[in-house]
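Commentary on secondary and tertiary structure
Each chain, written out:
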Amino acid sequence: MKTVISTKEAPAAIGPYSQAIKVGGLVYTSGQIPIIPATGQFPEGGIKEQTRQSLTNVQSILKEAGVSMADVIKTTVFLADMNDFADMNAVYAEFFSEPYPARSAVAVKTLPKGALVEIEVIAEAK
């Protein structure tokens, strides 16, 4: 049975999807772009600020699901420019500790609303 996860602490879904779905022992988040929930805007700055906000949004969704960043087993990072990888990675490292989740990072042509980064995760629900 799947359970919809939703919180006002992360941007509302802007289409026919859920912020996250919990099924069995896993939580799957939708990709999170760096929208500040209170303003609907991106944070000022560049890739570091956008990565921090995307991961904060992920963290808020996981909290609503009763799990934490320590429970994340897989991440996918979508970058508008692979030249931003090092700066994204520096901020990413602030949110995860060993054992690190598995990760894919890919460059894409464009992201919703012109975001520089979008991040989705899969976490273990205990």
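Residue indices follow the written sequence of each chain, beginning from 1 at its first position. Local features in this predicted model are restricted to residues of pLDDT 70 or higher, and side-chain atom pairs are both shown and tallied only at a pLDDT of 80 or more, whereas totals for entire chains, interfaces and linings draw on every residue. Here the side-chain values reflect all heavy atoms present in the structure, with hydrogen atoms and water set aside.

**Looking at the pattern of salt bridges**
What counts here: Just to be clear on terms, a salt bridge is a Lys or Arg side-chain nitrogen sitting within 4 Å of an Asp or Glu carboxyl oxygen. Put simply, DSSP marks the helices as runs of H or I at least four residues long and the strands as runs of E at least two long, and each gets a number from the N terminus on. Burial classes: relative accessible area under 20% of the type maximum marks a residue as buried, over 50% as exposed, and values in between as partly exposed (1.4 Å probe, protein chains only).
A complete count under the given rule lists 2 salt bridges for this structure. Linking E94 and R52 is a salt bridge whose minimum nitrogen-to-oxygen distance equals 3.1 Å. With E94 in helix α2 (residues 85-95) and R52 in helix α1 (residues 47-64), this residue pair connects regions lying 42 residues apart in the sequence. Among the residues examined, E94 registers a relative accessible area of 52% and is labelled exposed. Its salt-bridge partner being D71, residue K126 comes within 2.8 Å of it at the nearest N-O pair. Residue K126 is found in the segment after β6 (117-124), and its partner D71 is found in the loop between α1 and β4 (72-79); the two are separated by 55 residues along the sequence. With a relative accessible area of 81%, K126 lands in the exposed category.

**What to know about the sheet that holds β4**
Remark on secondary structure: sheet strands pair via backbone hydrogen bonds, oriented parallel or antiparallel. For the record, the criterion: Strands are labelled as partners when DSSP assigns at least two bridges between them. In this description, a line fitted to the C-alpha atoms serves as the axis of each element, helices being fitted only across the stretch in contact, and the angle between N-to-C directions of two axes falls anywhere from 0 to 180 degrees.
Ordered in space as β1-β2-β3-β6-β4-β5, the 6 strands form an open sheet in which the pairing is mixed. This sheet does not close on itself; its edge strands, each paired only once, are β1 (2-5) and β5 (102-107). In this sheet, adjacent strand axes meet at a mean angle of 15° when their direction is disregarded. Examined bridge by bridge, β4 and β6 share 7 bridges and lie antiparallel to one another. Bridge pairing in β6 places T75 opposite V121.

**Side note on the packing of α1 against α2**
Working note: a packed helix pair is described by the angle between its axes plus the distance between those axes. Note the following rule: Crossing handedness is defined as follows: a turn of the near helix away from the far one that is anticlockwise and smaller than a right angle gives a left-handed crossing, while the clockwise case is right-handed. Every residue pair with non-hydrogen atoms within 4.5 Å of one another is taken to be in contact. Polarity classes work like this: nonpolar for Ala, Val, Leu, Ile, Met, Phe, Trp, Tyr, Cys and Pro, charged for Asp, Glu, Lys and Arg, and polar for all others, with Gly in that last group.
Between α1 and α2, the least distance of the axes is 8 Å, while the angle of their chain directions is 35°. For the pair α1 and α2, the crossing hand works out as right-handed. Between α1 and α2, the residues in contact are I47, K48, T51, R52, L55, T56 and Q59 and D87, M88, V91, Y92, E94 and F95, respectively. Within the contact of α1 with α2, the residues separate by chemical class into 6 nonpolar, 3 polar and 4 charged.

**A short note on α1**
Definition in use: Take the residue count of a helix, subtract one, and multiply by 1.5 Å to get its expected span.
Helix length check: α1 (18 residues) gives 26 Å between terminal C-alpha atoms against 26 Å at 1.5 Å per residue, within 8%. Three or more residues of α1 are buried, namely I47, Q50, T51, Q53, S54, L55, N57, V58, S60, I61 and L62. Those residues of α1 that are buried lie in contact with β1, β2 (20-23), β3 (26-29), β4, α2 and β6. Positive phi shows up at G66, right after α1, with a value of about 85°.

**Quick word on α2**
Condition: By construction, the arc corresponds to the directions joining the helix axis to the C-beta atoms.
The set of residues buried in α2 consists of M88, V91, Y92 and F95. Down the axis of α2, the buried set is contained in an arc of 105°. They therefore lie on one face. Across from the buried face of α2, at angles greater than 90 degrees, the exposed residues are A86 and E94. At its buried positions, α2 is contacted by α1, β4 and β5.

**Describing the environment of N57**
On the secondary structure map, N57 appears in helix α1. On the accessibility criterion, N57 (0% relative accessible area) is buried. Sequence separation between N57 and P37 is 20 residues; the distance between their C-alpha atoms is 8.3 Å. Residues contacting N57, with those up to four places away along its chain left out, are E9, A10, P11, Q32, I33, P34, I35 and P37.

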